[in-house]
Amino acid sequence: MNNSELIIKTIAFVKEKLNDAEGGHDWFHIERVYKNALLIASDTSCDLTIVQLGALLHDIADSKFHNGDETIGPKTARLFLESENVSEDIILHVVNIIENISYKGGNFEKKFSSVELDVVQDADRLDAIGAIGIARAFNYGGFKNRTLYNPEIAPVTNMTKEEYKNNNGPTINHFYEKLLLLKDKMNTEKGKQIASERHHFMELFLAQFYAEWEGLK
């Protein structure tokens, strides 16, 4: 099977698996990350096939929607790739990307590193910031029935992985606990460049949000 056929089959598989997914983690999220990854890869020396597969399969079974089980995603991706007779070295690389891509409170130490992981991680993080990131944050907050904002509840920084997973603070707090921190955690030059503009947009949004909250605008 050539690369194009594999990617087409992977896209079909992901679309089917995420058919009923939450709006911020559905096929359209995957598609945006895939496009981001291709954009970054065009400016980076990397294995494009691994980048494509990593981007398409990175959220095939997000632990947030599987009782915190972080093993389902890698297992699901492996089983699919094995069914398509993909070589073990590619499968292992893609699985390592899935296992090491998440933010997890920002204190998670990656157990694997590669240029391809850097590209896919940046692509995923770009979808968490800017206009799309804002929309996704409030969509997930609504999905979890979280308060939009509560001035009496301060953001919690420097959370452990477990504290981050169990955090149920207001959606606005998530900007300070993750979204505004991502600009300085980008891996690639292209990722940093795009993140800078999206970061600025979030700052403008927050200024407007607080002004409206206080009845100043």
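Our subject is the structure listed above.
As the structure is a computational prediction, the values presented were derived from the model and not from experiment.

Trainee: Just to check I follow, could you spell out the packing of helix H1 (residues 3–17) against helix H2 (residues 27–41) for this structure?
Mentor: Helix-helix packing is described using two parameters, namely the angle between the two axes and the distance between the axes. One way to put it is that H1 packs onto H2 with a least axis distance of 9 Å and a crossing angle of 150°. The hand of the H1/H2 crossing is right-handed. Where H1 abuts H2, its residues Ile-7, Ile-11, Val-14 and Lys-15 lie against Trp-27, Ile-30 and Tyr-34. Looking at the contact of H1 with H2 residue by residue, the class counts come to six nonpolar, no polar and one charged.

Trainee: Mind showing me how you'd approach the pattern of salt bridges here?
Mentor: Should their charged atoms come close, side chains of opposite charge can pair. Enumeration over the complete set of coordinates arrives at seven salt bridges. Here Arg-32 and Asp-127 are joined by a salt bridge, their closest N and O atoms 2.7 Å apart. With Arg-32 in helix H2 and Asp-127 in the loop between helix H6 (115–126) and helix H7 (130–143), this pair connects stretches of sequence that are 95 residues apart. Between Lys-183 and Asp-184 there is a salt bridge whose closest N-O contact spans 3.1 Å. Among the charged side chains, a salt-bridge network with shared partners connects Arg-32, Asp-127 and Arg-136.

Trainee: What am I meant to see in the packing of H2 against helix H3 (residues 48–57) here?
Mentor: Interhelical geometry of H2 versus H3 gives an angle of 155° and a closest axis separation of 8 Å. With respect to each other, H2 and H3 are oriented roughly antiparallel. At the point where H2 passes H3, the crossing takes the right-handed sense. Within the contact between the two elements, H2 uses Trp-27, Ile-30, Val-33, Tyr-34, Ala-37, Leu-38 and Ala-41 and H3 uses Leu-48, Val-51, Gln-52, Ala-55 and Leu-56. Residue composition of the contact of H2 with H3, by class: eleven nonpolar, one polar and no charged.

Trainee: Looking at this structure, how should I read the nonpolar core?
Mentor: Core analysis: the largest hydrophobic core is formed by 54 residues, its most contacted members being Val-14, Leu-57, Leu-81 and Phe-175. The leading source of residues in this core is H2, at seven residues. Each of two domains, domain 1 (1–103) and domain 2 (129–216), supplies a minimum of three residues to this core. Not counting chain neighbours up to four residues away, the residues in contact with Val-14 comprise Trp-27, Ile-30, Leu-56, Leu-57 and Ile-60.

Trainee: Is there a simple way to explain the packing of aromatic side chains in this structure?
Mentor: Two measures describe an aromatic ring pair: the distance that separates the ring centres and the angle between the ring planes. Evaluated as defined, the whole model comprises eleven aromatic pairs. Ring centres of Phe-209 and Tyr-210 lie 5.8 Å apart, and the angle between their planes is 85°; on these two criteria the pair is classed as edge-to-face. The exposure class assigned to Tyr-210 is partly exposed, which follows from its relative accessible area of 26%. Aromatic side chains Phe-209 and Trp-213 sit 5.8 Å apart centroid to centroid with 25° between the ring planes, which places their arrangement in the stacked category. You can see Phe-209 and its partner Trp-213 sitting in helix H10 (residues 189–213), four residues apart, about one turn around the helix. By relative accessible area, which is 15% here, Phe-209 ends up buried. Look at Trp-213 and you get partly exposed, because its relative accessible area is 40%. Clustering of aromatic rings is evident, with ring pairs tying together Phe-138, Tyr-149, Phe-175, Phe-205, Phe-209, Tyr-210 and Trp-213.

Trainee: Would you take a moment to explain the side chain of Thr-171 for this structure?
Mentor: As for its placement among the helices and strands, Thr-171 is situated in helix H9 (residues 171–177). According to the relative accessible area criterion, Thr-171 is buried, its value standing at 5%. When near neighbours in sequence (up to four residues on either side) are disregarded, Thr-171 contacts Ala-137, Phe-138, Gly-141, Arg-146, Thr-147 and Leu-148.

Trainee: Can you walk me through the side chain of Asp-59 in this structure?
Mentor: Mapped onto the fold, Asp-59 is located in the loop between H3 and helix H4 (72–83). One buried charged residue, Asp-59, remains without a salt bridge, the closest side chain of opposite sign being Arg-136 at 5.1 Å. A distance of 3.2 Å separates the side chain of Asp-59 from the side chain of His-29, its partner in a polar contact. Apart from residues lying up to four places away in sequence, Asp-59 is in contact with Leu-18, His-25, His-29 and Ile-30.

Trainee: Quick question: what am I supposed to make of H4 here?
Mentor: Because the α-helix completes a turn every 3.6 residues, residues three or four places apart line up on one side. For H4, which comprises twelve residues, the first-to-last C-alpha distance of 16 Å matches the rise-based estimate of 16 Å (1.5 Å per residue) to within 8%. Taken together, the buried positions of H4 are occupied by Gly-73, Pro-74, Thr-76, Ala-77, Phe-80 and Leu-81. Here the buried residues of H4 occupy an arc of 165° about the axis, which is enough to place them on one side. Set apart from the buried face of H4 by more than 90 degrees, the exposed residues are Lys-75 and Leu-79. Packing partners of the buried residues in H4 comprise H1, H3 and helix H5 (88–100). One or two steps after H4, the chain reaches Asn-85, where phi turns positive at roughly 60°.

Cut-offs and rules
- Residues numbered from 1 in each chain as written.
- Predicted model: local features only at pLDDT ≥ 70, side-chain atom pairs only at ≥ 80, totals over all residues.
- Heavy atoms only, no water.
- Axes fitted to C-alpha atoms, helices over the stretch in contact; angles between N-to-C directions.
- Helix = DSSP H or I, 4+ residues; strand = E, 2+ residues; numbered from the N terminus.
- Left-handed = near helix turned anticlockwise from the far one by under 90°.
- Contact = heavy atoms within 4.5 Å.
- Nonpolar A, V, L, I, M, F, W, Y, C, P; charged D, E, K, R; others polar.
- Salt bridge = Lys/Arg side-chain N within 4 Å of Asp/Glu carboxyl O.
- Parallel < 35°, antiparallel > 145°, perpendicular 65-115°, else oblique.
- Core = buried A, V, L, I, M, F, W, Y, C linked by side-chain atoms within 4.5 Å.
- Buried < 20%, exposed > 50% of the residue type's maximum accessible area, 1.4 Å probe, protein only.
- Domains from an automatic or database assignment.
- Phe/Tyr/Trp six-rings, centres within 6.5 Å; stacked < 30°, edge-to-face > 60°.
- Lys, Arg positive; Asp, Glu negative; His and termini not counted.
- Polar contact = N/O pair within 3.5 Å; in protein donor to acceptor, adjacent residues only side chain to side chain.
- Expected span 1.5 Å × (residues − 1).
- Arc of directions from axis to C-beta.

In short, shape yes, function no, at least from these values alone.
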